Amino acid sequence: MTNRGGPTRPNGQSAGSKMCQFKLVLLGESAVGKSSLVLRFVKGQFHEFQESTIGAAFLTQTVCLDDTTVKFEIWDTAGQERYHSLAPMYYRGAQAAIVVYDITNQDSFTRAKNWVKELQRQANPNIVIALAGNKTDLASQRVVEYEEAQAYAEDNGLLFMETSAKTAMNVNDVFLAIAKKLPKNEQLNAPNRSDRLTVDQPNTGSKPTCCN
Amino acid sequence: MSFGHLLRRASTLLSTELLGTSESSAHKQGGIVYSKNNVCVHPPEELNAGKELHYPGYLCIQKEGGHDGSLLLSWIPNSRIRREDEEALRYITPDGSPIHRANHSEATRRRKTIAGISTLTERTPATSATNRLGLSLDSALLLQSLNKLDSLPISNSSSFPEVSVTSQESQHNTGGFCEKELSLCALTSLDSRDDHDRALDICFPEGTLCSRSKENYEPFTSEICQQNQPAMKPVHWTFAGRLSHPDTQTTGSQSWTPSDLVIPLTNGSQTMHSTSDTFDAFSSSFESMDFGELNRFFSQSNGGNTPEHETKPGMKKNEDIDLKEREQLHAVFSVDLGHMKSLRIFFSDCIESCGHLVVASRESQYKIFHFHHGGLARLAQVLNNWHQCTASSPLEKALEGDGYLQFIIADSAIPHEVGEHPEEGWYPRLSRSLWLQHMDEEGHVMEDYKIRRLIFFAGMDPEMRGEVWPFLLKAYEFQSSSADREKLRLIGSNEYAELQRKRLSMSQEEQEEFWKNVQYTVDRDVVRTDRRKPFYKGEDNPNVEMMRCILLNFAVHSPAVGYTQGMSDLLAPVLAEVLDEADTFRCFVGLMQGTIFCSTPCDEDMERQLTFLREFLHLVLPEFYNHLESLGEDGLQLLFCHRWLLLCFKREFQESEALRMWEACWAHHQTDYFHLFICLAIVALYGGEPVDKKLSADATLLYFTNLAMHMNGEHVLVKARGLLHHFRLMPRIPCTLHGLCLRCSPGVWDSGYMPAVECMGKHPEGFPCQYSPPSPASPVPTLPGIC
C-alpha cells in the first residue's frame with residue numbers, strides 16, 4: 001500500500017509525471033453490468049454470473065494518460081431502486097460518473113436518463129458523466145438503438161459509448177475518455193479529503209495484523 | 001410381597017453393594033458435599049395464574065477438584081428424574097458412586113468441562129438410563145419397581161389433593177403436599193445410594209463439614225410428621241415483578257427486601273437438618289402408607305395433575321410463557337458457584353431450617369430455591385466453609401438474628417479485558433445422536449435452549465442443517481411433536497400451492513406491475529446467486545427455478561416487503577439445505593420475519609442496527625469510534641459494514657464459516673443481536689490498521705472489502721462470544737443500547753438479564769429518555785480498550 005500524501009509520490013510511473021486522483025461512481029438499473037464493467041476495467045476479468053452488488057463496493061485503478069497518471073477511485077453501487085436512497089452518499093464528491101444501461105432493456109435506458117437528471121441536478125456541477133450502453137455482445141436482442149442513445153448523450157453533454165464487459169469492447173476506452181475529459185489541473189486530493197490512501201491492485205494489501 | 005418390602009429389599013442390596021465398594025474412593029476429585037431433595041422452584045408470576053405452584057427437585061452441591069475447588073450447584077427437577085432422563089440421572093449419580101464407576105473416565109472428562117452453567121456433553125448415543133444404570137442390577141430393579149408403580153391402575157377414585165398450597169388453604173392441602181413430597185422422595189431415592197455412600201466416606205479437608213454422623217440423620221418420617229403440623233406449613237413468597245436484590249435496586253417496580261420476606265426467628269436450638277434421607281427410613285415410611293394412596297401418587301406424578309400439566313386444555317399460552325416454563329421449571333439448573341456474584345439465604349424458620357436461597361449470577365440474573373423442608377442451615381454451613389466466598393455476617397448471627405445471610409463470591413475470576421466467553425469450548429457440535437437425545441418418543445424437542453446454546457457455541461454437523469434449520473427459522477416449534485410437524489407441513493404445502501396459484505392468475509395489469517417491481521430483478525438475480533455451488537451449477541438447473549419461485553411467491557405473500565436484492569443470497573443456502581420448496585418457503589418467511597439483518601439500507605431496521613453498532617463501537621472500541629468520528633459524517637455512516645449486515649457476513653467469510661455465523665445468530669442465545677457482536681468482533685480483530693494509518697472513510701471501506709474472504713471466521717466468532725459475555729457483565733449500559741437486552745429470554749434463571757441503564761443524553765427534543773436522571777448523569781464507564 002502506498003500512502004499518497006503528496007503530489008511527488010509516483011507509483012512506478014516515470015519520474016516527474018503528474019498524478020491525478022478522481023472519484024468515479026457507477027450508476028444504473030440493476031443487472032445492467034455495472035460491476036462487470038468495473039471488474040473488466042480493474043481486473044480484466046468477466047464472470048458470467050457476477051453476483052449482485054449489496055451495499056457499496058469500492059475499487060481503484062490507475063491509468064496512464066500521456067504524462068499524467070490518473071487514479072480512479074471507483075464506487076460501484078447496488079442498482080435496485082430500493083437502494084436509491086443511498087446513492088447521494090456515493091456520488092457526493094464524485095468528479096465522474098458512468099451511467100450504465102443494458103441495450104437489450106428499454107426500461108434500463110429510461111432509468112439511466114433519470115440518473116443523468118439526478119446527477120445534473122444534485123451532484124458536483126463539474127461532474128463528468130459518461131453514458132454506457134452495455135451488453136453489445138447481445139446485439140441480436142438490442143432494443144435501445146445506438147442513434148437514440150447517442151442523440152440523447154449529445155443533447156445532455158455526456159460522453160457516450162456502447163460497451164461489452166463480456167468481450168471487453170470499449171471498456172477501457174470509456175474510462176480513458178473520462179480521464180481525458182477530467183481537468184488535470186485540479187488538486188490532487190479530492191475535496192475535504194486528506195492523507196488519502198490508495199491501493200493499486202485490489203487484494204494486494206498486506207493482511208492486517210490482528211491487534212490482539 | 002408388598003411394595004415396601006420390595007423397595008426395602010432393593011435398598012438393602014443396593015446399600016450393601018455401595019458400602020462394600022466405595023471405601024477407597026476418598027473423593028479425590030471432590031464429591032457431593034450437600035444434597036437435599038424436594039427443593040422447590042416457584043414459577044414466575046405470569047406462569048402460575050395466581051396460584052402458588054411448587055416444582056420440587058433435587059438440589060446437590062458437588063465439590064470440584066481438591067481443596068481449593070469450586071462448588072457446582074445443580075438442581076434437577078423431579079419431573080426429569082421421574083422420566084429417567086439421562087442428563088438428570090448423570091447429576092444424581094456422581095462419579096464417586098460405584099454405579100458410575102464403570103464410566104469413570106468419561107465422567108471425569110465430562111466433569112472437567114463443567115465449570116459454570118450446565119453443559120451438554122452427551123456424546124454417547126441415546127441409551128436408556130436404566131440400561132446404563134443396569135451396571136447395578138439392584139438399581140435397575142429399583143427403577144423398574146418405580147416404573148411398575150407408575151403403570152398400576154388407580155385404585156382410589158377420589159381426586160388428588162391440589163399440589164398448590166397457599167397460606168389460606170387447609171390442612172387438607174398441606175397433607176396433599178406431604179404426600180406429594182413422599183412420592184417425590186421415592187422417585188429421587190436413587191440419590192440415597194449416594195448419600196449412603198457419602199455418609200461414610202465424605203471427606204472434607206476443612207474437617208468442619210464432616211459432621212454428618214448417623215445421629216444427624218433425621219429419618220424422613222419425622223419430616224412427614226412435621227409437615228402435618230400446621231406450624232410447619234411452607235411459607236410462600238410472591239414476588240411482584242422483577243426481582244432485585246437490595247443493594248442493586250434498579251428501576252422501581254420491585255418492592256422486595258429481606259425485611260419483607262423474613263419471618264423473625266423464634267428462639268431455640270437449631271437443628272442440624274439432615275440433608276439426605278436414608279433409604280431405610282424412606283422405605284419404612286413408604287411401607288406404612290396406604291397402597292391406594294401410593295398408586296394415586298405415582299399416577300399423578302406421572303403426568304396427571306402435576307403443576308406442569310395444570311394448564312387448562314384449550315387455554316393457549318403464548319409462546320414466550322411456554323418457553324419460560326420449559327426453561328425455568330423443567331430444565332436442569334447447574335452453575336459453578338465460583339462464577340456467581342452472590343448467594344443469599346433467607347431463613348423463614350431457623351428452627352426448621354426453612355427459607356430460600358437466591359443465587360445471583362454476575363449478569364444479575366436470579367434463581368430462587370425454596371427450602372420448605374429444612375436443609376437450609378446446613379447449606380449455609382457448607383457455604384460458610386467454602387473458601388471462595390465471604391459471608392456478610394457470622395452464620396450464628398444470621399440464625400439467631402435477622403435470618404439473612406449473604407455470601408459474596410470472590411471476583412478474582414472476572415476478566416478485566418475482553419477475553420473468551422467462559423463457556424467457550426464446552427459444547428460439542430450438534431450431531432444427529434445429540435439431536436435425537438433431545439427428542440422424546442413423540443418427537444418433541446426437549447430443552448431447546450440447550451440445543452440453541454450448543455449451536456451458538458459449536459454449530460452443528462452440516463448434515464443436520466436441513467433438519468434443524470427449520471426449527472431455528474421458526475418453521476416449526478421446538479415443542480411440536482412429529483405428528484404436529486407432519487400436519488404443519490401439509491398445511492404449509494397447501495398454502496404454498498395456493499400462493500403460487502394466486503401469482504399465476506394475476507390480471508394482465510397486476511402482472512405488469514409485478515414484473516416491473518419484483519420479477520424483473522428476481523429473474524436477473526437468481527441466475528447469478530451461488531451459481532458456483534454444486535447445488536445451483538449448470539444451465540437450466542431446476543434448483544435455480546425453485547429459488548426463483550420461492551422469491552416470487554414470497555413477494556406475493558408479503559407484498560409490502562416484495563423483493564430486495566440480497567434476498568436471493570439469503571435464500572440460496574437455506575434451499576440448498578432444506579431442499580423442499582414449500583418447506584424452504586416457510587423457513588424463508590421465518591428468516592425474513594425473525595431476522596434483523598435483512599433490510600434495505602433505507603429501512604428503519606437498518607438504521608436501528610447502525611445506531612446500535614455506533615453506540616457499541618463507542619462503548620467497546622472507543623479508539624475506532626473516535627477515528628470514525630474524526631472523519632466526519634462519512635465515517636459514522638459505517639459503509640464498510642452495510643454488506644455485513646445485509647447479507648449476514650455471507651460475502652465476508654468462506655461459506656462454512658458464514659453459515660456457522662448464521663446459525664449462531666439464529667440460535668438467539670442470550671441476545672437477538674448477535675450479528676452486531678460479530679460486527680464488533682471483526683472491528684476488534686481487524687480494525688487496528690484503519691486507526692493506526694488514519695484511513696479515510698473510503699479507504700476504510702476498501703480495506704474491509706479487501707479483507708472479505710480472508711478473515712478467520714472462527715476467531716471472529718470466539719471474539720464475538722467473548723464480547724457478548726463482557727457486555728452482559730457490564731453493571732450499567734447506556735440507554736442507547738437498552739433495546740439490545742429487551743428480547744433476551746431469561747433461560748434457566750428466574751429473572752431476565754437486565755442491567756442498570758443510564759441515560760447518555762443526546763436525545764432529540766420531544767423524546768425524553770425514560771432513563772434520564774434528575775441530575776446530570778455520570779458517564780458510563782467504558783470497557784477497557786481492546787487493542
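Residues numbered from 1 in each chain as written. Chains lettered and ligands numbered in written order. Predicted model: local features only at pLDDT ≥ 70, side-chain atom pairs only at ≥ 80, totals over all residues. Heavy atoms only, no water.

Topic: the overall build of chain B
Looking only at helices and strands, chain B has 34 helices and 11 strands in total. Of all 787 residues assigned to chain B, the portion counted as buried reaches 61%. Sequence separation of at least 24 residues holds for 73% of the intrachain contacts in chain B that already meet a minimum separation of 6. With the model as given, the accessible surface of chain B reaches about 30200 Å², and the carbon-plus-sulfur share is 54%. (Helix = DSSP H or I, 4+ residues; strand = E, 2+ residues; numbered from the N terminus. Buried < 20%, exposed > 50% of the residue type's maximum accessible area, 1.4 Å probe, protein only. Contact = heavy atoms within 4.5 Å. Areas by Shrake-Rupley, 256 points an atom, 1.4 Å probe, with all protein chains shown as cover.)

Here we look at the packing of helix α20 (residues 465-472) of chain B against helix α24 (residues 567-578) of chain B
Axis angle and axis distance: for two packed helices, these are the angle between their axes and the distance between the axes, and together they describe the pair. Residue and element names in this part refer to chain B. In contact at an axis separation of 8 Å, α20 and α24 are set at 125 degrees when each is read in the N-to-C sense. As far as their axial angle goes, α24 and α20 are oblique. Crossing of α20 against α24: the hand is left-handed. In this structure, α20 contributes Arg465, Gly466, Trp469 and Pro470 to the contact, and α24 contributes Pro573, Val574, Glu577 and Val578. The class makeup of the residues in the contact of α20 with α24 is 5 nonpolar, 1 polar and 2 charged. (Axes fitted to C-alpha atoms, helices over the stretch in contact; angles between N-to-C directions. Parallel < 35°, antiparallel > 145°, perpendicular 65-115°, else oblique. Left-handed = near helix turned anticlockwise from the far one by under 90°. Nonpolar A, V, L, I, M, F, W, Y, C, P; charged D, E, K, R; others polar.)

Looking at the pairing of strand β4 (residues 68-76) of chain A
Residue and element names in this part refer to chain A. Burial runs high along β4: 9 of the 9 residues are buried. A two-sided burial pattern is seen for β4, the buried positions comprising Thr68, Val70, Phe72, Ile74 and Asp76 on one face and Thr69, Lys71, Glu73 and Trp75 on the other. The sheet contact formed by strand β2 (residues 18-28) and β4 spans 9 bridges and is parallel. Across the sheet, residue Cys20 finds its bridge partner in β4, namely Val70. When strand β3 (residues 57-65) meets β4, the two strands line up antiparallel, connected through 9 bridges. (Pairing = 2+ DSSP bridges.)

Topic: the confidence of the model for chain A
Residue and element names in this part refer to chain A. For chain A, the average pLDDT comes to 81, and 79% of its residues sit at 70 or higher. Mean pLDDT per element in chain A: strand β8 (residues 197-198) is the minimum at 37, and strand β6 (residues 128-134) is the maximum at 97. Of the regions scoring below 50 in pLDDT, residues 1-15 engages in 29 contacts with residues more than four places distant in sequence or in other chains. Across residues 187-212, confidence stays below pLDDT 50; counting only partners more than four residues off in sequence or on other chains, it has 64 contacts. (pLDDT = per-residue confidence, 0-100.)

A word on the sheet that holds β2 of chain A
All names here are of chain A. Reading across from one edge, β3-β4-β2-β5-β6-β7 is the order of the 6 strands in this open sheet, with mixed pairing throughout. Each edge of the sheet is formed by a strand with only one pairing partner; in this case those strands are β3 and β7 (159-162). On average, each strand axis in the sheet is inclined to that of its neighbour by 25 degrees, with strand direction left out of account. The strands that helix α3 (residues 106-122) touches are β2, β5 (96-102) and β6; relative to β5, the one it contacts most, it runs at about 165 degrees.

Quick notes on the packing of aromatic side chains
Describing an aromatic ring pair means giving the distance of the ring centres and the angle of the ring planes. Counted under the stated rule, the structure contains 35 aromatic pairs over all chains. Relative to Tyr152 of chain A, the ring of Phe109 of chain A has its centre 6.0 Å away and its plane inclined at 80 degrees; by these criteria the two rings are edge-to-face. Of this pair, Phe109 of chain A sits in helix α3 while Tyr152 of chain A sits in helix α4 (residues 146-156), and the two are 43 residues apart along the sequence. Like Tyr152 of chain A, Phe109 of chain A is buried. When the centroid spacing of 5.1 Å and the interplanar angle of 35 degrees are considered together, the rings of Tyr427 of chain B and Phe457 of chain B count as tilted. (Phe/Tyr/Trp six-rings, centres within 6.5 Å; stacked < 30°, edge-to-face > 60°.)

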